[in-house]
Amino acid sequence: MMDTIVCPMGGGATRLYSALTAPLSSSPLPPPAVTNLDPAFCQKGAPVCPAELLRQCEEALRGRAPRFHRKFTQLQDGGGAPSSSIRVMQWNILAQALGEGLDSFVQCPPEALSWSRRKYLILEEILTYRPHILCLQEVDHYYDTLQPVLAGLGYSSNFCPKPWSPCLDVEGNNGPDGCALFYDESRFEFLDSVNLQLSTMRIPTNQVAVVTMLRCRSSGRCVCVAVTHLKARSGWEWLRSAQGSDLLRHLQTLVQKHAHDSAGAQTLDIPLLICGDFNAIPTEEVYRRFAASPLGLDSAYKRLSKDGSTEPEYTTWKIRPTGECCATLDYIWYSRDTLRVDAVLDMPTEEQIGPNRLPSFSYPSDHLSLVCDFSLKEEE
């Protein structure tokens, strides 16, 4: 196994400076009127049953390289009833415009990057694990594919595009990429949601987050869920730290808003789930800020390690013209006092990933999905 490294991912200072100094719209743009729904999924008679849709994906992918065989590690402190378990998936799915246009995956065949293929692999991954909460980054096929398809399966969602998405620089793009948060309406009731443009020193940046407050239908307890994608590239560690701090402040504000009953009395702590591509290895300041936050957060994927305190060796593995990058950048943070980690999906091995790394004919993104089962701890 090669040593985990962080690779330089190119420039970007000019784009960021332009973004920071650009005038902001006084109000968010309305969702576009979608007329180009994906005909493979969004036509009359298309399957809406998860099993049927999964079979459709498998049929479309017949003859492809085998899927990664991943298993759940059941943890000793599990024991929550299956009906009360909350499955959470975190995944940077790779924006289509970036995969084909800007990211330069030099070992990946162009055919493996086509949307006509990747859309089935992405949906297959989601349908295989059927999360109750799904947090995605680099989503640039929200309105035409993911939102309508997953709505047909019972998911409600919120989407926040980047204000100055690099996808818009790619010819033939499908619009800006952004963060999307989906939740199973049969399990959760919607309470509140906010789309955030993360700031540093009160200056808006190009990174965003979606924060949604849900109420579990079975237990009646609230859960606050956030999805984000922090600034990429080496040299911007200080900006990721500032963006992380801004997100933590917003989370604290939203939790405090909902942590009182109608009479204004303090209620129980609201559990937090924060999913994201942080673009930061575990030694970075933004990681330390989350680990030391007064919100009482812990990283779920540390539970895979023997000592329970070490992150996986990698959540992304790719080869670009600048070199090979194998690093842990993606996390699921949770409130350790109110949530229990019951199971964690393991990582595919180096052999499974293969010498050309990610993405590939087997896997549609350069980032691996993270999937965890949580249960709410008993109220004291």
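Rules used in this analysis
- Residues numbered from 1 in each chain as written.
- Predicted model: local features only at pLDDT ≥ 70, side-chain atom pairs only at ≥ 80, totals over all residues.
- Heavy atoms only, no water.
- Helix = DSSP H or I, 4+ residues; strand = E, 2+ residues; numbered from the N terminus.
- Polar contact = N/O pair within 3.5 Å; in protein donor to acceptor, adjacent residues only side chain to side chain.
- Pairing = 2+ DSSP bridges.
- Axes fitted to C-alpha atoms, helices over the stretch in contact; angles between N-to-C directions.
- Left-handed = near helix turned anticlockwise from the far one by under 90°.
- Contact = heavy atoms within 4.5 Å.
- Nonpolar A, V, L, I, M, F, W, Y, C, P; charged D, E, K, R; others polar.
- Parallel < 35°, antiparallel > 145°, perpendicular 65-115°, else oblique.

### Points about the side chain of N206
Argument step 1. Within the secondary structure layout, N206 lies in strand β7 (residues 203-216).
Argument step 2. Of the polar contacts made by the side chain of N206, one reaches the backbone nitrogen of W164; its length is 2.7 Å.

### Here's the deal with the sheet that holds β7
Argument step 1. Reading across from one edge, β6-β7-β8-β9-β13-β10 is the order of the six strands in this open sheet, with mixed pairing throughout. At either end of the open sheet lies a strand with only one pairing partner, and these are β6 (188-200) and β10 (297-299). The average angle at which neighbouring strand axes cross in this sheet is 20°, direction not considered.
Argument step 2. In the sheet, strand β9 (residues 272-277) pairs with strand β13 (residues 330-335) via five bridges, with the strands oriented antiparallel. Across the sheet, G276 pairs through a bridge with Y331, a residue of β13.

### Here's the deal with the packing of helix α4 (residues 115-129) against helix α5 (residues 142-151)
Argument step 1. α5 packs onto α4 with a crossing angle of 35° between their chain directions and a minimal axis gap of 12 Å. As for how α4 packs across α5, the hand of that crossing is right-handed. In this structure, α4 uses W115, I122, L123 and I126 to contact α5, whose residues at the interface are T145, L146, V149 and L150.
Argument step 2. Split into classes, the residues belonging to the contact of α4 with α5 amount to seven nonpolar, one polar and no charged.

### Overview of the packing of helix α2 (residues 50-60) against α4
Argument step 1. Close contact between α2 and α4 brings their axes to 9 Å; oriented N to C, the two are set at 140°. When the axes of α2 and α4 are compared, the pair comes out oblique. The element α2 and its partner α4 pack so that their crossing is left-handed. Where α2 abuts α4, its residues P50, L53, L54, Q56, C57, E58 and A60 lie against Y120, L123, E124, L127 and T128.
Argument step 2. Here the contact of α2 with α4 is built from residues that sort into eight nonpolar, two polar and two charged.

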